[in-house]
Amino acid sequence: MGLQNESMLSYLEDNQRFADLFNQLYFKGKQIVDADRLGEASETYRGKPGEKDSGRIRDIKKRLKSGRELKVLAVESQSEISYIMPWRVMDYDCREYGRQIREAQRANEALDKAGEKVYADAGERLCKVRKEECFAPVYTLCLYHGEEAWDGPRSLKDMMDFGDEEPEEGDRQAWEECFADYPLRLVSVCEPMDCSGFRTSLRDLFEILPYRRDKERLKELLERNPVYRRMDEETARTIGVLMGIKNFGENEERFKTEEGYDMCQAIREMMEDSRQEGETLGEIKGSASQIIEIIDNIRKELHCSLEKACIVGGKTQAEYRQAKAICGKP
């Protein structure tokens, strides 16, 4: 798992932020998930005994307890686009339901062996689950925080090949309509979203991330929103990683003020460093292009070998090859 994923998951481990994430992205700001009722539940899902299965590990999974009711909330964090993500989420959800079912079956078997009347009929005994038993629903959110626009599937249907529209191949629309789809609850932070309903610092994080490659919009945001001049430590570090601020963790004390962390200054320095690096790279490529042009012209005019052309041009063969590598030429 990369540094960006680790940073995002660490940030969302906080129950207040986790609840805020679901309240805004599932319920449009309505306070349905109570952070005080969230409990840790992350675990590895394994197959049945004897099955060859390395297991699946949820990124973050929490249990929401409300009276006798229980719900399972999960987040899968992605820094890269996955073209099988709907299937992965479906697999995780099915494994969670399987875990709950096996837990109920074990409890029923234990009572049955103890001589208690557990099953009302043969059907219950066959599946080892009683008719009245119900299970905790699972809600999984896929949080994509990469810089590239998400072009992967957004449902299981998007991964399927239903054939073309040719009559002899069958009715594509009819097959699609009959397909049991599994939607992917995807949130892409590289796309601007309505952050007004967030009640934690997630608002500031999700508001800035879409502008990682848009310097003008980024400058505008930093100028009009003073919150980025007094960030809390966790949010500042998370923004530092996801914005690509080099060595922010090592130099964070430079940006610390009495009010918090001045991320405006940190981001401005990052943009200035990027500009200087771009200029330096441009100069290097310019020099490399000149070397290639000089040697190639000598070889063309004198009809000589590379070795002789380099001697005439005052360059080594290694310098010529390095110049071609810098310019991406074979």
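Right, let's walk through the structure included here. (Residues numbered from 1 in each chain as written. Predicted model: local features only at pLDDT ≥ 70, side-chain atom pairs only at ≥ 80, totals over all residues. Heavy atoms only, no water.)

A closer look at the environment of Ser188
Here Ser188 is to be found in strand β7 (residues 186–188). When its relative accessible area of 5% is taken as the criterion, Ser188 is described as buried. Once the C-alpha coordinates of Ser188 and Gln78 are considered, the two residues, 110 residues apart in sequence, prove to be 9.4 Å apart. Ignoring any residue separated from it by four or fewer positions in sequence, one finds Ser188 in contact with Tyr144, Trp150 and Met193. (Helix = DSSP H or I, 4+ residues; strand = E, 2+ residues; numbered from the N terminus. Buried < 20%, exposed > 50% of the residue type's maximum accessible area, 1.4 Å probe, protein only. Contact = heavy atoms within 4.5 Å.)

Things to note about unusual backbone geometry
In this model, Lys28 sits at a positive phi of 55°, which is unusual for a non-glycine residue. Residue placement: Lys28 occurs in the loop between α2 (15–25) and β1 (38–40). You can call Lys28 exposed: its relative accessible area is 78%.

Details of a nonpolar patch on the surface
A surface patch of nonpolar side chains, about 230 Å² in accessible area, is lined by Tyr97, Ile101 and Phe135. Locating Ile101 in the fold gives a position in helix α3 (residues 85–113). (Patch = residues over 30% accessible without salt bridge, like charges linked within 9 Å, V, L, I, M, F, W, Y side chains within 5 Å. Areas by Shrake-Rupley, 256 points an atom, 1.4 Å probe, with all protein chains shown as cover. Salt bridge = Lys/Arg side-chain N within 4 Å of Asp/Glu carboxyl O.)

Looking at the nonpolar core
Counting 46 residues, the largest nonpolar core has Val75, Leu205, Phe206, Ile208 and Met263 as the members making the most contacts within it. With 5 residues, the single largest contributor to this core is α2. When near neighbours in sequence (up to four residues on either side) are disregarded, Met263 contacts Tyr228, Arg229, Met231, Ala236, Ile239, Gly240, Ile245 and Phe248. Grouped together as the second largest cluster of nonpolar side chains are 11 residues, Ala288, Ile292, Leu306 and Cys310 included. (Core = buried A, V, L, I, M, F, W, Y, C linked by side-chain atoms within 4.5 Å.)

Observations regarding the sheet that holds strand β5 (residues 69–78)
The 5 strands lie next to each other as β1-β4-β5-β6-β7, forming an open sheet whose pairing is mixed. Of all the strands in the sheet, the pair left with one neighbour each is β1 and β7. The average angle at which neighbouring strand axes cross in this sheet is 25°, direction not considered. In this structure, strand β6 (residues 138–144) lies alongside β7, joined through 3 bridges in parallel fashion. (Pairing = 2+ DSSP bridges. Axes fitted to C-alpha atoms, helices over the stretch in contact; angles between N-to-C directions.)

So, the pattern of salt bridges
Two side chains carrying opposite charge are able to pair once their charged atoms lie near each other. With the rule as written, the count across this model stands at 18 salt bridges. Residue Glu103 pairs with Arg99 through a salt bridge whose shortest N-O separation is 3.4 Å. Here Arg99 and Glu103 lie together in helix α3, a separation of 4 residues that amounts to about one turn. One salt bridge connects Asp112 with Arg125, and the closest N-O pair in it is separated by 3.1 Å. With Asp112 in helix α3 and Arg125 in helix α4 (residues 122–127), this residue pair connects regions lying 13 residues apart in the sequence. Since its relative accessible area comes to 45%, Arg125 is described here as partly exposed. Here the residues in one salt-bridge network are Lys61, Glu96, Arg99 and Glu103, joined through shared partners.

Notes on helix α11 (residues 306–313)
Buried within α11 are the following residues: Leu306, Ala309 and Cys310. Buried residues of α11, viewed axially, fall in a sector of 100°; they line one side. Once α11 ends, the next one or two residues include Gly314, with phi positive near 75°. (Arc of directions from axis to C-beta.)

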